[in-house]
Amino acid sequence: MNNYHSLVLDQKESTKHGEHSFPVRKYITTLSADCPVVTTHWHEEAELTMLIEGDCTYQIDLKEYHIQAGDLVFIPPLILHSLCNKLNNEILSETFVFHLNFLGANTTDICSTQYLTPIMNLEFSIPFIISPEHKAYCSLKDIYYQISNLYAEKSYGYELAIKGLLLQAIFLLLQTREKSTFPNVSTKSDNLKNVLDYIELNYAKNLTISELADVCNFSDYHFMRFFKKHMNMTCIEYINILRLEKSIELFKQGNTSIVDVSLSVGFNNLSYFHRAFKKKYHMTPLSYIKLTQF
């Protein structure tokens with residue numbers, strides 16, 4: 001299980017997905033009433049996901065898509081996306097995150113120049129949701145299971161096989177491509193990316209609504225409505241979640257001073273940090289430190 005990770009925590013664009021020589025990583029994501037969302041994020045890698053259990057809502061480039069168990073989801077690089085459990089049922093999904101450079105996007109052959117690089121540059125619009133009605137669904141589902149088995153078994157040469165299967169998946173997706181609308185990415189998407197970037201860089205500071213609204217050139221009221229609509233939570237809730245995730249990273253790195261960690265991630269009130277940490281992780285910071293030491 002050490003090769004499987006959770007997208008609930010490893011969701012920031014700075015996350016390292018796999019190794020430099022093999023930039024592919026499998027993630028297991030579970031959502032429930034206690035942990036109902038994977039917050040809006042983006043990264044340079046593409047994603048191929050299968051929903052194993054439950055029904056949920058994906059938000060991709062600020063548009064909502066309802067998906068059901070068995071559906072496949074493809075997220076191109078650089079696209080804002082999130083996952084929300086609106087029905088409070090148990091959600092289980094498996095995701096392969098991979099960099100298109102692994103498939104040859106950084107070369108100069110025809111596969112790169114005509115297909116992979118245009119995908120990375122958002123010149124092609126290919127389907128996000130592949131449901132059983134999609135003509136390539138059965139083939140893509142078979143490819144997904146082959147990749148999953150190879151990743152788990154790691155037989156000699158499995159990297160070669162996974163690379164070939166991912167290229168097959170891209171080929172099948174390109175058969176239903178459409179003219180892309182992404183070169184004229186909406187201002188809304190850009191605004192949200194800018195403010196998420198700003199929060200990522202300044203989460204340890206005393207951020208104010210007015211300061212964040214200025215990033216988008218919005219009024220405070222307009223900004224709060226905009227953020228809540230597209231993030232499914234308030235700005236303050238998002239900042240606190242990010243700070244808690246950063247505290248987890250520090251504890252994992254061996255930092256055992258709860259006061260120092262609390263202050264370094266932006267919680268100036270230790271009691272509030274304790275309450276927020278326990279609410280999110282169902283244990284105290286001290287309990288988490290003891291748990292990770294063994």
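Data block above holds the structure.
In this text the structure is predicted, and so the values were computed from the model without any measurement.

Asker: What should I look at first to understand the overall build of the protein in this one?
Answerer: Within the protein, the regular secondary structure consists of 10 helices and 12 strands. The C-alpha radius of gyration computed for the protein amounts to 20 Å, which stays within 12% of the reference 19 Å derived for 294 residues, consistent with globular compactness. Considering only C-alpha atoms, the protein reaches an extent of 55 × 50 × 40 Å along its principal axes. Each of the 294 residues in the protein was classed as buried or not, and the buried ones make up 50%.

Asker: What is the right way to read the nonpolar core from this model?
Answerer: Soluble globular proteins tend to bury their nonpolar side chains together. Judged by nonpolar contacts, the single largest core of 38 residues is most densely connected at L192, L196, I199, F223 and F227. Listed by contribution, the elements that provide at least two residues to this core are α4 (187–202), α5 (209–216), α6 (220–231), α7 (235–252), α8 (258–264), α9 (270–281) and α10 (285–292). Looking at which element gives the most residues to this core, the answer is α7, with 7 residues. The contact partners of F223, leaving out residues within four places of it in the chain, are V195, I209, L212, A213, C216, F218 and C235. V24, F102, L116 and L172 belong to the second-largest nonpolar core, a separate cluster that totals 35 residues.

Asker: Explain unusual backbone geometry to me, please; I cannot follow it from the model alone.
Answerer: Peptide bonds are trans in most cases, and residues, glycine excluded, mostly fall at negative phi. Here the phi dihedral of L78 falls at roughly 70°; this positive angle occurs in a residue that is not glycine. For L78, a relative accessible area of 32% puts it in the partly exposed group. Positive phi outside glycine occurs at N217, with the angle close to 60°. Tracing the sequence through the fold places N217 in the loop between α5 and α6. Assessed through its relative accessible area of 70%, N217 is described here as exposed.

Asker: What exactly am I supposed to notice about α6 here?
Answerer: Because the α-helix completes a turn every 3.6 residues, residues three or four places apart line up on one side. Taking 1.5 Å per residue, 12 residues should reach 16 Å; α6 reaches 16 Å between its end C-alpha atoms and fits that length. Inspection of α6 places F223, F226, F227, H230 and M231 among the buried residues, and these make up the whole buried set. For α6, the angular spread of the buried residues around the axis is 100°, confining them to a single face. Exposed residues lying more than 90 degrees from the buried face of α6 are Y221, R225 and K229. In the core, the buried residues of α6 are packed alongside β3 (37–41), β5 (56–60), α4, α5 and α7.

Asker: Help me understand the packing of helix α1 (residues 110–120) against helix α3 (residues 158–174), please; the structure alone is not making it clear to me.
Answerer: Between two packed helices, both the angle of their axes relative to each other and the distance between the axes serve to describe the pair. Contact geometry of α1 with α3 gives a least axis separation of 12 Å together with a crossing angle of 85°. Regarding the angle of α1 to α3, the classification is roughly perpendicular. Across the interface between the two elements, Y115, L116 and I119 of α1 pack against L167, I170 and L174 of α3. When grouped by side-chain class, the residues that make up the contact of α1 with α3 number 6 nonpolar, no polar and no charged.

Asker: When you look at the packing of aromatic side chains in this model, what are you seeing that I'm missing?
Answerer: The relative placement of two aromatic rings is captured by the distance of their centres and the angle of their planes. A complete count under the given rule lists 15 aromatic pairs for this structure. Ring centres of F96 and Y144 lie 5.5 Å apart, and the angle between their planes is 65°; this geometry places the pair in the edge-to-face category. You can see F96 sitting in strand β9 (residues 91–98) and its partner Y144 sitting in helix α2 (residues 137–153), a full 48 residues away along the chain. Per residue, the accessibility class of F96 equals that of Y144, and both read buried. By the ring-pair criterion, three or more aromatic residues cluster together here, those being F251, F267, Y272, F273, F277, Y281 and Y288. The ring of Y151 has K154 sitting right over it, with the charged end atom 4.0 Å from the ring centre.

Asker: Hey, could you run me through the pairing of strand β4 (residues 46–53) in this one?
Answerer: The side chains of a regular strand alternate between both faces of the sheet. Counting buried residues in β4 gives 6 out of 8 residues, a clear majority hidden from the surface. Across 7 bridges, the pairing between β4 and β9 is antiparallel. Each bridged residue has a counterpart across the sheet, and for T49 the counterpart in β9 is T95. Summarising the sheet, β4 and strand β7 (residues 72–75) pair through 4 bridges and their orientation is antiparallel. The partner of T49 across the bridge, within β7, is V73.

Calculation criteria
- Each residue is numbered by its place in its chain's sequence as written, counting from 1.
- Two thresholds apply to this predicted model, a pLDDT of at least 70 for residue-level local features and 80 or more for giving and counting side-chain atom pairs, whereas whole-chain, interface and lining totals are computed over all residues.
- The side-chain figures draw on all heavy atoms in the structure; neither hydrogens nor water molecules are used.
- Strands here mean DSSP runs of E at least two residues long; helices mean DSSP runs of H or I at least four residues long; both are numbered from the N terminus.
- Values of the radius of gyration come from C-alpha atoms, whereas the globule rule sets the reference at 2.2 Å times the count of residues to the power 0.38.
- Using a 1.4 Å probe on the protein chains alone, a residue whose accessible area is under 20% of its type maximum counts as buried, one over 50% counts as exposed, and one in between counts as partly exposed.
- Residues grouped as a nonpolar core are buried Ala, Val, Leu, Ile, Met, Phe, Trp, Tyr and Cys residues, joined through side-chain atoms within 4.5 Å.
- Residues are treated as being in contact if the distance between any of their heavy atoms lies within 4.5 Å.
- Take the residue count of a helix, subtract one, and multiply by 1.5 Å to get its expected span.
- The reported arc concerns the directions from the helix axis to the C-beta atoms and nothing else.
- Whenever a helix is involved, its axis is fitted only over the stretch in contact; in every case the axis is a line through C-alpha atoms, and angles between N-to-C directions fall within 0 to 180 degrees.
- Each angle is binned into one of four classes, with values under 35 degrees roughly parallel, values over 145 roughly antiparallel, values of 65 to 115 roughly perpendicular, and all other values oblique.
- The classification used treats Ala, Val, Leu, Ile, Met, Phe, Trp, Tyr, Cys and Pro as nonpolar, Asp, Glu, Lys and Arg as charged, and all other residues, Gly among them, as polar.
- Working definition: a ring pair exists when centres of Phe, Tyr or Trp rings (six-membered ring for Trp) sit within 6.5 Å. Plane angles under 30 degrees give stacked, over 60 give edge-to-face, the rest tilted.
- In this analysis the charged atom, NZ for Lys or CZ for Arg, is taken to sit over a ring once it is within 6 Å of the ring centre and within 35 degrees of the ring normal.
- Here the rule is simple: two strands pair whenever DSSP picks up at least two bridges between them.

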